[in-house]
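Take a look at the letters that make up each chain.
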Amino acid sequence: MISFTDKVTNEKALENAVQRFKERNIILPTFEQQRHPDLIPGKIKDQLKDVGLWEINPLNLFRITWKNEPREKGGLYGDVNYLELPPEITGVKAKIVLLIGKWFPTGAHKVGAAYGCLAPRITTGEYDPSYHKAVWPSTGNYCRGGAFDSKLMGTESVAILPEEMSQERFSWLRDEIGSEVIATPGCESNVKEIYDKCWEIRRTRPDCMIFNQFDEFGNAVWHYHTTGKAIEEVYSAVKPQNGRLAAYVSATGSAGTIAAGDYLRTVAPHLKVVASEALQCPTLLRNGFGGHRIEGIGDKHVPWIHNVKNTDMVTAIDDEDCMRILRLFNEPEGLKYLKSQGIDDEIIKELHLIGISGIGNLLSAIKTAKYYEMTEEDVIITVATDSADMYRSRLDEQKESKGKYSEIEAAKDFEKCIFGTTVDYTKEFDYYDRKNIHNLKYFTWIEQQAKELEDLNQLWDDRTIWDKIFNQVHRWDELINEFNERTGLLK
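Residues numbered from 1 in each chain as written. Predicted model: local features only at pLDDT ≥ 70, side-chain atom pairs only at ≥ 80, totals over all residues. Heavy atoms only, no water.

A. View of empty space enclosed by the protein. Taken as a whole and judged by the stated rule, the model has four cavities of 30 Å³ or more. Forming the boundary of the largest cavity are 28 residues, of which Lys110, Gly253, Gly296, Ile297 and Thr385 lie nearest the centre. Its residues assigned to classes, the lining of the largest cavity shows seven nonpolar, 16 polar and five charged. As a volume, the second largest cavity reaches approximately 70 Å³. Lining of the second largest cavity is provided by 11 residues; of these, Thr252, Glu277, Leu284, His301 and Pro303 occupy positions nearest its centre. Taken together, the residues of the lining of the second largest cavity sort by class into three nonpolar, six polar and two charged. (1 Å grid on protein atoms, 1.4 Å probe; cavity = no way out; pocket = protein on both sides within 12 Å on 5 of 7 lines; lining within 4 Å. Points joined across faces, edges and corners; volume = space filled by probe spheres on them. Nonpolar A, V, L, I, M, F, W, Y, C, P; charged D, E, K, R; others polar.)

Dropping the structure here:
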């Protein structure tokens, strides 16, 4: 049966962790503090005023929140960071809003997903930071977030990611974090090769503990409580008169971020939860496969932690559209063209906050608005996991392969890739569509990854299991408080 992380399993390892944290002055934030930073102790806030957002400092564990001030150094907390795009950009009447991941440490929200996996293992004694190394298999930001969290928690990390991912990721992991980096063959969607490397590590390196984002429930739990709550707050801030939270759009990826939809369903039962994936790898849409360029999503399988019963629709996005919009939103000639179309300067200067997968989510939100014929009273919320800062090398590659960007190219891209978005490559799920997707988990997780068939069936048949999984967080906060009490650092 599905197991839970809710009690101490190794007292000696736990004592080693307490000693390591005490020596290095490491305090763990609770998940409640990550949702509500106003609960963070004043002495920690005072110290953060001199700490950079990406600095290797344990205090930055307290910046794992959607509510950081949008500053590179010394910021504290405010409201959730988000960007509302007007109809002049989206071409639809519905209000489309993106949560902004840029202002997390590392520039992406995956530090939160990784924290949801590592912190509970440390506070139960399952992970000994004085002995273990944390292995973070990923197609991008998750291994960066995991390596960063590991460094802040006084332990070593191993990052595994495809060799064709952007060079910014490799350079930062090696040079800034000092993580061991393993590059596996292929591109974004070559996850099987990552899994094969994980099996090799399991067989040969007993000191390594693997935190696979695709089957670690801590990933989904963090998003359920933290991202879900952030979206609820943003909706309250932007809600029009007689408005409704009509849809939540999320790239599938590891299925962590989409778990926020499970939370939102509890406050907006009518909500449409929409999965976004690459047209070049249409796994949910067509049981398809293939390589693509939307880094961070679409990996030719259904993640173990995806509660597919709670997904209403899938939209597939052409990666070429994402790359063209990346240029439109970041090249000087693209921004100049947008200004000529009457787009407000305040919006234009914020477009760099949307990375490639965020652009994919934006296009999926537009498809959703058109498919359901949404109006000014409808609010669609989605996520910009990271920013264009992560993809400067991709912009350089586009310039090298396609030449200098012009206002003519910008006009074509705006008209074709945004205003020309249609409702093709979409599918609304019925009960058996969802069950078909769930059944696809068998081939990855039972045949390849040694999960139990009983557990697979429980994830579908047990009507209480997902609530139990998501609500582990309350016990985790108790364990974190007990751990901090043992270190004595909050006294």
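B. Summary view of the packing of aromatic side chains. Counted according to the given criterion, the structure contains 23 aromatic pairs. Residues Phe21 and Phe483 carry aromatic rings whose centres are separated by 5.0 Å and whose planes lie at 85° to one another, so their mutual orientation is edge-to-face. With Phe21 in helix 1 (residues 11–24) and Phe483 in helix 21 (residues 473–487), this pair connects stretches of sequence that are 462 residues apart. Phe483 shares its class with Phe21; the two are buried. The interplanar angle of 40° and the centroid separation of 4.7 Å between the aromatic rings of Phe414 and Phe419 together place this pair among those described as tilted. Residue classification places Phe414 among the buried residues on the basis of a relative accessible area of 4%. Taken together, the ring pairs connect Phe217, Tyr224, Tyr263, Trp466 and Phe470 into an aromatic cluster. Here the basic side chain of Arg144 rests over the ring of Trp172, its NZ or CZ set 4.8 Å away from the ring centre. (Phe/Tyr/Trp six-rings, centres within 6.5 Å; stacked < 30°, edge-to-face > 60°. Helix = DSSP H or I, 4+ residues; strand = E, 2+ residues; numbered from the N terminus. Buried < 20%, exposed > 50% of the residue type's maximum accessible area, 1.4 Å probe, protein only. Lys NZ or Arg CZ within 6 Å of the ring centre and 35° of its normal.)

C. Quick look at the side chain of Asp321. Along the chain, Asp321 falls in helix 12 (residues 319–330). Judged by relative accessible area, Asp321 falls into the buried class, the value being 12%. Among residues more than four places away in sequence, those in contact with Asp321 are Leu363, Lys416 and Cys417. (Contact = heavy atoms within 4.5 Å.)

D. Structural context of the pattern of salt bridges. Within the structure shown, the criterion is met by 38 salt bridges. One salt bridge connects Lys133 with Glu156, and the closest N-O pair in it is separated by 4.0 Å. Pair noted here: Lys133 is in strand 3 (residues 133–137) and Glu156 is in strand 4 (residues 156–162), with a separation of 23 residues, a long-range link. Between Lys367 and Asp424 there is a salt bridge, and its shortest N-O distance comes to 3.0 Å. Taken as a pair, Lys367 in helix 15 (residues 356–371) and Asp424 in the loop between helix 17 (407–419) and strand 11 (426–428) lie far apart in primary sequence, 57 residues in all. For Lys367, a relative accessible area of 5% gives the class buried. Connected through salt bridges with shared partners, the residues Glu72, Lys102, Asp389 and Arg392 form a single ionic network. (Salt bridge = Lys/Arg side-chain N within 4 Å of Asp/Glu carboxyl O.)

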